[in-house]
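Examination of the molecular architecture
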Amino acid sequence: QVQLVESGGGLVQPGGSLRLSCAASGSIFSINAMGWYRQAPGNQRELVAAITSGGSTNYAGSVKGRFTISRNNAKNTVYLQMNSLKPEDTAVYYCTANIRARVANPLYDYWGQGTQVTVSS
């Protein structure tokens, strides 16, 4: 059983910062890419940032230069540092990880439960 547990969401004023964390636990043989998506009310879920096991990163244009994704492979954890937050960043943020639970298992995309980020004065 693999679980992704997110933390770090909350309420912040425009221009402020938040750091999200997501730890994968359970039966894990290997983790490939990890990433963050977000979904605002009435909108589709969209990719925010992703990082490969080797550290290559990819960002949505709307967050490039403001958000930084990183990971600690020893802790099976991915982070999202969010700076210069804007009201339009308000959404539920979900982490995802492409995990092989056991050596003979196929890769599978696991998702966290989501954490609310609200940017408002």
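Each remark here, short or long, concerns the structure printed above.
Residues numbered from 1 in each chain as written. Predicted model: local features only at pLDDT ≥ 70, side-chain atom pairs only at ≥ 80, totals over all residues. Heavy atoms only, no water.

So, on to the pairing of strand β5 (residues 46-51). Relative to β5, strand β4 (residues 30-39) is paired through 5 bridges, and the arrangement is antiparallel. When the sheet's bridge partners are listed, Arg38 is paired in β5 with Glu46. From the end of β4 to the start of β5, which pair antiparallel, there are 6 residues, and Gly42 there has a positive phi angle of about 80°. As judged from the 3 bridges shared by β5 and strand β6 (residues 57-59), these two strands associate in the antiparallel manner. What sits directly across from Ala49, in β6, is Tyr59. A loop of 5 residues connects β5 with β6, the two strands running antiparallel in sequence, and Gly55 in this loop sits at a positive phi of about 100°. (Pairing = 2+ DSSP bridges. Helix = DSSP H or I, 4+ residues; strand = E, 2+ residues; numbered from the N terminus.)

Here we take up the state of the cysteines. Per the counting criterion, the structure on display carries 1 disulfide. Disulfide partner of Cys22: Cys95, at an S-S distance of 1.9 Å. Taken as a pair, Cys22 in strand β3 (residues 18-26) and Cys95 in strand β9 (residues 91-100) lie far apart in primary sequence, 73 residues in all. Under the relative-accessibility criterion, Cys95 is labelled buried at 0%. (Disulfide = S-S within 2.5 Å. Buried < 20%, exposed > 50% of the residue type's maximum accessible area, 1.4 Å probe, protein only.)

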